[in-house]
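Per-entry structural report
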Amino acid sequence: MDVGKAPPAPPAPHQEVDHLEPAPGEGGHWEGLEQTDEFRQLVRARLRFVLPATIFFLVYYFLLPLGNGLAPGLMKTRVFGEINIAYLFALSEFVMAWVLAYLYIRKANTVFDALAAKVRARAAGRKAA
Amino acid sequence: MNITLVLFLIVVGITLVITGWAARRTRTTVQFWAAGRQIKGWQNGLAIAGDYMSAASFLGIAGLIAFNGYDGFMYSVGWLVAYLTVLFLIAEPMRNTGKYTMADVLAYRMSPIPVRSAAAFSTVAVSASYMMAQMIGAGSLIKILIPTLDTNLKPYFNWDVLGTHLDPSITLVGVLMMIYVIAGGMVATTWVQIIKAILLMSGAVLLTFLVLLHFGFSFGHFFDAVAGVKDKATGLNFTQPGILYKYGQKQVFGIDLALLDNISLGMALILGTAGLPHILMRFFTVPDGKAARASVAWAMGLIGSFYVMTTFLGFGAATLVGKANICAKVVAGACVGTPNSNLAAPRLAEFLGGEFFGTTGAEFLLAFIAAVAFATILAVVAGLTLAASGAFSHDFYVNVIRTHLLHGHVSEREQVLVARITAGLVGLLSIWLAARIGATANAAALVAGVAFVIASAANLPAILFTLFWKRFNTWGAVACLVGGTVVTIWLVAIGPGWTLPAVKNPAFPLQNVGIVSIPLGFLLAIVGTYIGDLVKADRLSEVKFHEIDVRAQTGLGAEPNPVAA
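Turning next to the overall build of chain A. Helix and strand counts for chain A stand at four helices and two strands. Buried positions account for 39% of the 129 residues belonging to chain A. Long-range contacts, defined here as pairs at least 24 residues apart, represent 63% of the contacts in chain A between residues at least 6 apart. Taken as a whole, chain A presents about 7,000 Å² of accessible surface, with 66% of it coming from carbon and sulfur.

Okay, structure coming up:
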């Protein structure tokens with residue numbers, strides 16, 4: 001389908017339908033948009049950040065209970081006075097969460113938003129700059 | 001008059017004034033359910049924090065750390081890291097594709113009648129177990145901190161309803177929450193949550209500051225004192241892991257039971273938040289996806305700082321007050337009755353007030369922390385009532401029965417009226433249920449062990465697969481929503497964690513059932529989808545995927561911000 005001929009009006013908010021058989025041609029407009037370079041770029045950019053970041057925080061998070069259960073001796077090692085690795089590791093989870101959130105938001109505000117704007121411009125029938 | 005009662009009345013007064021103001025801004029459905037989508041990003045961040053930091057996390061975690069040392073802190077860590085799941089995967093797509101409830105997003109692709117009914121079921125299960133914990137907590141808190149209020153209220157609530165004797169304190173909390181939600185909808189709920197977040201943060205900062213002041217702002221001295229507190233049963237000191245999770249004692253399938261329990265808890269904590277209906281609902285109150293993102297950032301800043309402070313509250317109570325002196329009734333500096341971990345923060349406040357400001361200071365700080373806890377409970381139950389009544393009225397009554405079964409048009413007026421009526425019914429039902437199960441339920445276990453697990457086993461797979469998996473269909477969605485909920489409740493019911501005291505030899509060994517029920521929820525979603533595919537039950541969902549995919553990622557055609565539109 002030629003996306004250039006998509007109707008210029010912005011899509012209306014969603015209407016629910018009862019039937020479970022697709023009407024002919026339904027979804028074509030959206031599938032067309034999904035195939036554009038702009039949309040693919042957006043999805044790729046998001047995935048490139050979100051996938052590794054999600055895997056990283058899941059692994060980092062579960063290292064803490066695993067460490068406490070499997071290596072209690074190591075986790076009880078004192079670092080500053082009575083402050084031990086277990087407590088510092090737990091605190092580092094907070095720092096990790098804040099840093100990842102900051103990185104995501106910076107990336108979203110600069111890269112993802114601009115790419116999404118391009119897709120919306122394309123959908124409105126205008127050529128993105 | 002007693003200071004606690006005065007502060008309680010001030011909190012109630014402020015929230016009622018806000019509700020009166022909000023009531024005039026609550027005429028349409030978008031105002032009732034989504035505060036007209038006019039809440040700014042930072043305001044929503046505060047409201048999310050206010051909605052999320054329940055009495056279970058304020059009084060509960062401080063108490064866990066005060067009684068068990070380091071292991072209690074594991075809850076704090078999980079509850080912040082959870083927001084990365086929300087930020088990366090849920091917040092913006094929710095705002096971009098949803099209207100008022102979680103089910104709106106699912107019904108985008110799926111057959112609305114089954115999927116909305118199933119989502120209403122899981123939403124009510126999550127909200128009800130969460131709400132019970134809050135209401136029971138509120139009831140016991142009021143009884144302990146201002147016993148006069150409870151006894152004075154007693155003659156007015158001296159009724160038996162269907163064989164259950166009403167609890168005056170629980171009824172008071174329930175009536176207030178009904179007033180907020182029925183009159184002021186999401187606008188009142190949001191502002192009650194914002195005020196509560198500010199109160200809670202100030203309370204935590206004040207107590208943390210005083211704890212550090214006591215130790216001369218020396219972390220070294222503070223942790224020396226913490227390490228000086230020993231657990232009798234294990235011999236460990238309070239900076240060390242292993243007191244709450246007794247590693248190396250029992251095994252299941254060759255794996256350490258305590259480790260499994262802890263991992264299982266972690267799974268529910270970090271995945272469950274992204275499936276809590278009352279948190280998801282907050283993302284519909286902001287103008288667009290960018291504001292949804294900003295609100296998570298604000299929430300993470302507040303929630304994270306608060307949970308770091310829980311260590312100072314908990315360790316502070318452990319060192320300065322001591323487990324033996326944390327209980328409901330203290331006579332001449334000694335406990336009468338058994339220790340109650342929920343009172344760690346109030347007793348710490350009393351101690352610090354006494355140390356720095358004398359007897360009046362002790363009384364005032366105790367009253368202040370009690371008022372903060374009370375505001376906390378009110379804000380959380382209001383959010384929960386709104387989520388549960390959204391499931392009943394918006395999803396079930398308006399969309400399933402009136403729109404899709406009767407093919408009728410439902411006017412704005414009727415929708416708002418039904419919303420108010422269901423909020424009232426939810427309120428009455430929870431007052432009754434909380435009074436009924438109050439004595440036997442383990443409140444903390446209800447929140448972390450049931451609500452968060454259902455949210456991550458039923459709601460999360462349904463939402464994630466709707467947004468990101470092309471083949472997902474109605475069968476898969478219903479399978480995980482209903483199956484995840486039922487399996488979780490069943491496992492908890494046969495496990496050790498449902499009632500107090502804990503069962504000795506339960507059929508299911510783990511207190512936290514997430515490690516079984518969460519993967520099972522995802523598996524049910526996948527199996528259900530392939531069976532649905534096989535019988536060709538739902539061909540529309542795949543076609544519709546292209547639409548939700550583009551909308552979720554770009555915000556095209558998102559529900560408009562009424563002022564901008």
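Here we take up the overall build of chain B. Across its full length, chain B holds 19 helices and six strands. In terms of overall size, chain B behaves like a compact globule, its C-alpha atoms giving a radius of gyration of 23 Å where 565 residues would be expected to give roughly 24 Å. In chain B, the 33 positive side-chain charges and the 24 negative ones have mean positions that sit 4 Å from each other.

What follows deals with the interface of chain A and chain B. Taken together, the 61 residues of chain A in the interface contact 67 residues of chain B. For B:Arg293, the salt bridge goes to A:Asp113, with nearest N and O atoms at 2.8 Å. Run the count over chain A and chain B and you get 13 residue pairs in polar contact (both at pLDDT 80 or more). Breaking the side of chain A that touches chain B down by element, the ones donating at least two residues are α1 (28-35), α2 (37-70), β2 (83-84) and α4 (85-123) of chain A. With 20 residues, α4(A) is the largest single contributor of residues to the side of chain A that touches chain B.

At a minimum axis distance of 11 Å, the contact between α2(A) and helix α19 (residues 540-554) of chain B shows a crossing angle of 65°. With respect to their mutual orientation, α2(A) and α19(B) come out roughly perpendicular. Regarding α2(A) and α19(B), the two cross each other, and that crossing is left-handed. The residues of α19(B) that touch α2(A), namely those facing A:Phe39, A:Leu42, A:Val43 and A:Arg46, are B:Asp549, B:Val550, B:Gln553 and B:Thr554.

We now examine the nonpolar core. Counting residues in each nonpolar core, the largest one holds 231 residues, and the members touching the most others are B:Tyr52, B:Phe58, B:Leu84 and B:Phe88. Element by element, the count of residues in this core is highest for helix α14 (residues 344-405) of chain B, at 26 residues. Filtering out sequence-adjacent residues up to four positions away, B:Tyr52 remains in contact with B:Ser57, B:Trp79, B:Ala82, B:Tyr83, B:Tyr130, B:Thr273, B:Leu276, B:Ile279, B:Ile303, B:Tyr307 and B:Phe452. Within the second largest apolar cluster, seven residues are counted, among which are A:Trp30, A:Phe39, A:Ala123 and B:Leu556.

What follows concerns helix α13 (residues 289-321) of chain B. All names here are of chain B. The end-to-end C-alpha distance of α13, which contains 33 residues, comes to 46 Å, matching closely the 48 Å that a straight helix rising 1.5 Å per residue would cover. Taken across its 33 residues, α13 has 26 buried, putting it largely inside the fold. Positive backbone phi, approximately 90°, marks glycine 322, located one or two places after α13.

This brings us to unusual backbone geometry. Excluding glycine, a negative phi dihedral is what most residues carry, and trans is how most peptide bonds are arranged. All names here are of chain B. Unusually for a residue other than glycine, alanine 35 sits at a positive phi of about 50°. Locating alanine 35 in the fold gives a position in the loop between α2 (29-34) and α3 (41-52). Backbone geometry at phenylalanine 217 places phi at a positive 55°, although glycine is not the residue there. Examined against the element boundaries, phenylalanine 217 turns out to sit in the loop between α9 (168-214) and α10 (219-227).

To continue, consider the environment of B:Val492. All names here are of chain B. Relative to the elements of secondary structure, valine 492 occurs in helix α17 (residues 474-494). Residue valine 492 is classed as buried on the basis of its relative accessible area of 6%. Spatially, the C-alpha atoms of valine 492 and proline 506 are 9.9 Å apart, while their sequence positions differ by 14 residues.

The tally for this structure, following the rule as stated, stands at 14 salt bridges over all chains. For A:Asp113, the salt bridge identified is with B:Lys290, shortest N-O distance 3.1 Å. Linking A:Asp113 in helix α4 with B:Lys290 in helix α13, this pair reaches from one chain into another. Linking B:Arg116 and B:Asp395 is a salt bridge whose minimum nitrogen-to-oxygen distance equals 2.7 Å. Taken together, the residues B:Arg116 in helix α7 (residues 112-145) and B:Asp395 in helix α14 connect sequence positions 279 residues apart. One network of salt bridges, in which partners are shared, links A:Arg46, A:Asp113, B:Glu92, B:Lys290 and B:Arg293.

Before going further, it helps to spend a moment on a positive patch on the surface. Residue and element names in this part refer to chain A. Positive charge collects at one region of the surface, where Arg40, Arg44, Arg48, Arg106 and Lys107 lie side by side. Residue assignment for the positive patch shows that the elements contributing at least two residues are α2 and α4. In terms of residue count, α2 provides more of the positive patch than any other element does, three residues in total. Looking at the secondary structure, you find arginine 48 in helix α2.

Within this structure, the stated rule accounts for 36 aromatic pairs over all chains. Through a chain of ring-to-ring contacts, three or more aromatic side chains come together here, namely A:Tyr87, A:Phe94, A:Trp98, B:Phe73, B:Phe215, B:Phe219, B:Phe222, B:Phe223, B:Phe312 and B:Phe315.

Residue and element names in this part refer to chain B. Tallied over the entire structure, the rule returns one cavity of 30 Å³ or more. A volume near 70 Å³ is recorded for the largest cavity. As for the largest cavity, its lining consists of Tyr100, Thr101, Met102, Thr123, Pro277, Met281, Ala387, Gly390, Ala391 and Asp395. Of all the elements, α14 adds the most residues to the lining of the largest cavity, at four residues. A class-by-class count of the residues in the lining of the largest cavity yields six nonpolar, three polar and one charged.

Residue and element names in this part refer to chain B. For the pair helix α11 (residues 257-272) and helix α18 (residues 514-534), interaxial distance at closest approach is 8 Å and the crossing angle is 45°. In terms of axis orientation, α11 runs oblique to α18. Contacts between α11 and α18 involve Leu260, Ile263, Ser264, Met267, Ala268 and Leu271 on the former and, on the latter, Gly514, Ile515, Ile518 and Pro519. Residue composition of the contact of α11 with α18, grouped by class: eight nonpolar, two polar and no charged.

Residue and element names in this part refer to chain B. Considering the arrangement of structural elements, one finds serine 456 in helix α16 (residues 443-468). One polar contact links the side chain of serine 456 to the main-chain carbonyl oxygen of phenylalanine 452, over a distance of 2.8 Å. Serine 456 has contacts with Ala268, Leu271, Gly272, Pro461, Ile518 and Phe522, leaving out every residue within four places of it along the chain.

This next bit is on a nonpolar patch on the surface. Residues and elements named next belong to chain B. Judged by side-chain polarity, Trp475, Leu520, Leu523, Val527, Ile531, Leu534 and Val535 come together as a nonpolar surface patch covering roughly 650 Å² of accessible area. No other element matches the five residues that α18 contributes to the nonpolar patch. Turning to its location among the elements, leucine 523 is positioned in helix α18.

All right, on to the environment of B:Ala477 then. Residue and element names in this part refer to chain B. Along the chain, alanine 477 falls in helix α17. Judged by its relative accessible area of 0%, alanine 477 is buried. As a C-alpha pair, alanine 477 and valine 550 span 73 residues in sequence and 20 Å in three-dimensional space. Contacts of alanine 477, omitting those with residues within four sequence positions, involve Met110, Val115 and Phe472.

If you trace the backbone, B:Ala451 turns up in helix α16. For the pair B:Ala451 and B:Thr485, spaced 34 residues apart in the sequence, the C-alpha separation amounts to 9.5 Å.

Criteria and thresholds
- Residues numbered from 1 in each chain as written.
- Chains lettered and ligands numbered in written order.
- Predicted model: local features only at pLDDT ≥ 70, side-chain atom pairs only at ≥ 80, totals over all residues.
- Heavy atoms only, no water.
- Helix = DSSP H or I, 4+ residues; strand = E, 2+ residues; numbered from the N terminus.
- Buried < 20%, exposed > 50% of the residue type's maximum accessible area, 1.4 Å probe, protein only.
- Contact = heavy atoms within 4.5 Å.
- Areas by Shrake-Rupley, 256 points an atom, 1.4 Å probe, with all protein chains shown as cover.
- Rg over C-alpha atoms; globule rule 2.2 N^0.38 Å.
- Lys, Arg positive; Asp, Glu negative; His and termini not counted.
- Charge placed at Lys NZ, Arg CZ, Asp CG, Glu CD.
- Salt bridge = Lys/Arg side-chain N within 4 Å of Asp/Glu carboxyl O.
- Polar contact = N/O pair within 3.5 Å; in protein donor to acceptor, adjacent residues only side chain to side chain.
- Axes fitted to C-alpha atoms, helices over the stretch in contact; angles between N-to-C directions.
- Parallel < 35°, antiparallel > 145°, perpendicular 65-115°, else oblique.
- Left-handed = near helix turned anticlockwise from the far one by under 90°.
- Core = buried A, V, L, I, M, F, W, Y, C linked by side-chain atoms within 4.5 Å.
- Expected span 1.5 Å × (residues − 1).
- Patch = residues over 30% accessible without salt bridge, like charges linked within 9 Å, V, L, I, M, F, W, Y side chains within 5 Å.
- Phe/Tyr/Trp six-rings, centres within 6.5 Å; stacked < 30°, edge-to-face > 60°.
- 1 Å grid on protein atoms, 1.4 Å probe; cavity = no way out; pocket = protein on both sides within 12 Å on 5 of 7 lines; lining within 4 Å.
- Points joined across faces, edges and corners; volume = space filled by probe spheres on them.
- Nonpolar A, V, L, I, M, F, W, Y, C, P; charged D, E, K, R; others polar.

That's the geometry; what it means functionally is another story.
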